[in-house]
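# Chain and residue survey
What follows is the residue order along each chain.
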Amino acid sequence: MTDPVAIRRLPTGVPGLDEILGGGLPEFSFNLIAGAPGAGKTTLAQQIMFALASPDRPALYFTVVGEPPLKMLRYQQQFSFFDMARVNDSVRYVNLGQEAVDGTLEALLGRITREVEATGPGVVIVDSFRSVTQAAARTQGGDLDLPHFVQQLAIRLTSWQATTFLVGEYQSPDAEQNPVFTVADGLLWLVQSLDRNSMVRKIQVMKMRGQAPIPGLHTFRITRDGIQVFPRVLVGRSEQTARAGAPAPPRARLSTGVSALDGMLGGGIPAGYSVLLVGPSGSGKSVLAADFIREGARHDESGIYAVFEKRPTAYAEDGPGGAQFEQLVRQGKVAIIQTRPLDLSIDEMLSEIVDAIRRVKARRLVIDSLSGFELALAPTFREDFRESLYRMVSVLTGMGITMIMTAELEDSYTDLRFSPHGTAFLTDAIVMQRYVELHGRLQRVMAVVKVRASAHSPEVRAFDITDEGIVMGERLRDYEGLLTGSPASIAPPRQRRAPGRP
């Protein structure tokens, strides 16, 4: 018995697509790209074609009724992957409109056969194959019906060692009746939906013979560079992601930049932990988060600041240490991420963060804030925000990243909550900031609520924000009812110490 022939996998040239396919596109496979009008099928096919075509193994692109080659070229030239110098050399367009309208399926198959034999292509694309189906329905003569046509086309193109794509406009019920869905080795399904004012595009690998694609729907975006897919990362794959790009193991504990807070945490934040920093507006969450990033840069631990509430330049324009923060960005020790609002997906954000981690070899990450992050998502992704956030946190901490996520809460003293999203359980540590009234003034206080698998201080300590950043004060030991917002003194007046003073 002979050993099986190894299947070569081809890079598609579409960022993220190779990953969801299970490692690339099987060579000589017979594939279908399907979806509704405007979903991005032609753009995907053209992007793959330009990635795979070469002078010795050119690509043949057959157009059928839907768009003549001249019109297609006019619109595809807007993409950076399109290279006009390769047209009629390694990329050739053939119009089958006349055969599809006036001829039989035998005539159409014969024309394709002649073109393939004359060219010897490595890639063959038929767009739109739905037009072939419609032509077959109108054709009364001929001995070749649609199922036999599809079968013969698949056999011939595979024997010619061509990787084939049929592009067609199909709705999901068509899959049960159309023979191409059965014959195809691979099936890529593209969908788009409008939710309020946000357009969301998704791709699903419904079938890919001989491979283990990532299941489910994956978001993608069409830009000037073409299509970029954002794989739906599964929690079980986080270790694989870590091995793919994680730098050297981090230190056992990471300083927050505030030594007194490090002591309250039991010696700093354990490396690879996720921390929820929660408090009302103006309590100092962003200041502490920026201190955490700056402290890392001082120890050669690069950081990423993903901002959803301020402009990226705001950290250099105001706040303690702003000029230093700007300098760290220029030196490449800190990367600031601000994504386009209102139509984001969790997977797109995760992809951008992972790219930045690998670019600057980051060990620290801040997401400021979860409320702003949720608002930046397309409405359809807000419904499962907690589940998606869980996947994202698991992947990032699995890569060894130590992260702080800020969350803004109204200071409701009758209802002690740590997250407006019900996500507190996702994090390894919680640091709480809030206001209390002492001697007729608002005083900021801070406490460490939890540090998983580590001892930590139960103290509630006053703190102030100065030009030097956060300055921790004393433990408020002479008061009770601090969490009510209006604490009462339990010490004689002569023994009281001014809050906020060590």
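Everything below is about the structure printed above this text.
How each quantity is defined
Residues numbered from 1 in each chain as written. Predicted model: local features only at pLDDT ≥ 70, side-chain atom pairs only at ≥ 80, totals over all residues. Heavy atoms only, no water. Helix = DSSP H or I, 4+ residues; strand = E, 2+ residues; numbered from the N terminus. Buried < 20%, exposed > 50% of the residue type's maximum accessible area, 1.4 Å probe, protein only. Lys, Arg positive; Asp, Glu negative; His and termini not counted. Salt bridge = Lys/Arg side-chain N within 4 Å of Asp/Glu carboxyl O. Polar contact = N/O pair within 3.5 Å; in protein donor to acceptor, adjacent residues only side chain to side chain. Contact = heavy atoms within 4.5 Å. Pairing = 2+ DSSP bridges. Axes fitted to C-alpha atoms, helices over the stretch in contact; angles between N-to-C directions. Parallel < 35°, antiparallel > 145°, perpendicular 65-115°, else oblique. Nonpolar A, V, L, I, M, F, W, Y, C, P; charged D, E, K, R; others polar. Expected span 1.5 Å × (residues − 1). Phe/Tyr/Trp six-rings, centres within 6.5 Å; stacked < 30°, edge-to-face > 60°. Lys NZ or Arg CZ within 6 Å of the ring centre and 35° of its normal.

### Description of the side chain of Lys 41
Along the chain, Lys 41 falls in helix 2 (residues 41–52). Buried charge without a partner: Lys 41 forms no salt bridge, and the closest opposite charge is Glu 169, 4.5 Å away. A distance of 2.9 Å separates a polar side-chain atom of Lys 41 from the backbone oxygen of Ala 36. Residues within four places of Lys 41 in sequence aside, it is in contact with Ile 33, Ala 34, Gly 35, Ala 36, Val 167, Gly 168, Glu 169 and Leu 190.

### As for the sheet that holds strand 11 (residues 226–230)
Across the sheet, nine strands lie side by side as 5-4-6-7-3-8-9-10-11; this open sheet has mixed pairing. Two strands in the sheet have a free side with no partner beyond their single neighbour: strand 5 (91–95) and strand 11. The average undirected angle you get between the axes of adjacent strands in this sheet is 25°. Relative to the sheet, helix 5 (residues 105–119) contacts strand 4 (59–63), strand 5 and strand 6 (123–127), its axis offset from that of strand 4 by approximately 160°. Those strands touched by helix 7 (residues 146–159) are strand 3 (30–35), strand 6 and strand 7 (163–169), and its axis lies near 130° from that of strand 3.

### Considering the sheet that holds strand 16 (residues 334–337)
An order of 16-15-17-18-14-19-20-21-22 is seen for the nine strands of this open sheet, with the pairing classed as mixed. What marks the edges here is a single partner per strand, and that holds for strand 16 and strand 22 (469–475). This sheet shows a mean twist of 25° between the axes of neighbouring strands, independent of strand direction. Judged from the five bridges that link them, strand 15 (residues 303–307) and strand 17 (residues 364–368) form a sheet pairing that is parallel. The partner of Tyr 305 across the bridge, within strand 17, is Val 366. Across the sheet, helix 11 (residues 285–298) is in contact with strand 14 (274–279), strand 15, strand 16, strand 17, strand 18 (402–408), strand 19 (429–438), strand 20 (441–451), strand 21 (460–466) and strand 22; its angle to strand 17 comes to roughly 160°. Sitting on the sheet, helix 17 (residues 385–398) is in contact with strand 14, strand 17 and strand 18, with an inclination near 150° to strand 18.

### Quick notes on the packing of helix 5 against helix 7
Close contact between helix 5 and helix 7 brings their axes to 11 Å; oriented N to C, the two are set at 10°. Between helix 5 and helix 7, the angle is such that the two are roughly parallel. Counting all contacts with helix 5, which are made through Leu 105, Leu 108, Leu 109, Ile 112, Thr 113 and Val 116, the residues of helix 7 involved are Leu 146, Phe 149, Gln 152, Leu 153, Arg 156 and Leu 157. Residues of the contact of helix 5 with helix 7, tallied by class, amount to nine nonpolar, two polar and one charged.

### Some details on the pairing of strand 10 (residues 218–223)
Relative to strand 10, strand 9 (residues 198–208) runs antiparallel, the two sharing three bridges. Across the sheet, Lys 202 pairs through a bridge with Thr 219, a residue of strand 10. Judged from the five bridges that link them, strand 10 and strand 11 form a sheet pairing that is antiparallel. Residue pairing across strands places Thr 219 opposite Phe 230, the latter belonging to strand 11. Remark: two residues form the turn of the hairpin made by strand 10 and strand 11, two consecutive strands paired antiparallel.

### As for helix 17
With 14 residues, helix 17 extends 20 Å from end C-alpha to end C-alpha; this agrees with the ideal 20 Å at 1.5 Å per step. Across the 14 residues that make up helix 17, a large majority, ten, are buried. Those residues of helix 17 not exposed but buried are Phe 385, Ser 388, Leu 389, Arg 391, Met 392, Val 393, Ser 394, Val 395, Leu 396 and Thr 397. Just downstream of helix 17, Gly 400 is the residue with a positive phi angle, here 90°.

### Structural notes on the pattern of salt bridges
Considering all chains together, one arrives at eleven salt bridges under this definition. With a shortest N-O distance of 3.2 Å, Arg 111 and Glu 115 are connected by a salt bridge. With Arg 111 and Glu 115 both in helix 5 and four residues apart, the pair spans about one turn of that helix. Among the ionic pairs, Arg 221 bridges to Glu 348, the shortest N-O distance being 2.8 Å. Placement of the pair is Arg 221 in strand 10 and Glu 348 in helix 14 (residues 346–360), with a sequence separation of 127 residues. With a relative accessible area of 15%, Arg 221 lands in the buried category.

### Quick word on helix 5
For helix 5, with 15 residues, the first-to-last C-alpha span of 21 Å sits near the 21 Å given by 1.5 Å per residue. Looking one or two residues beyond helix 5, the residue adopting positive phi is Gly 120, at roughly 65°.

### A few points about the packing of aromatic side chains
Counted according to the given criterion, the structure contains ten aromatic pairs. Note on Phe 50 and Phe 81: the rings are 6.1 Å apart at their centroids and 50° apart in plane angle, and the pair reads as tilted. Taken together, the residues span a long stretch of sequence, with Phe 50 in helix 2 and Phe 81 in the loop between helix 3 (69–76) and strand 5 at a distance of 31 residues. Each member of the pair, Phe 50 as well as Phe 81, is classed as buried. Ring geometry for Phe 181 against Trp 189: centres 6.1 Å apart, planes inclined by 40°, an arrangement best described as tilted. Ring pairing ties together the aromatic residues Phe 50, Phe 79, Phe 81 and Phe 82, which thus form one cluster. In this structure, Arg 364 packs its charged tip against the face of Phe 292, placed 4.6 Å from the ring centre.

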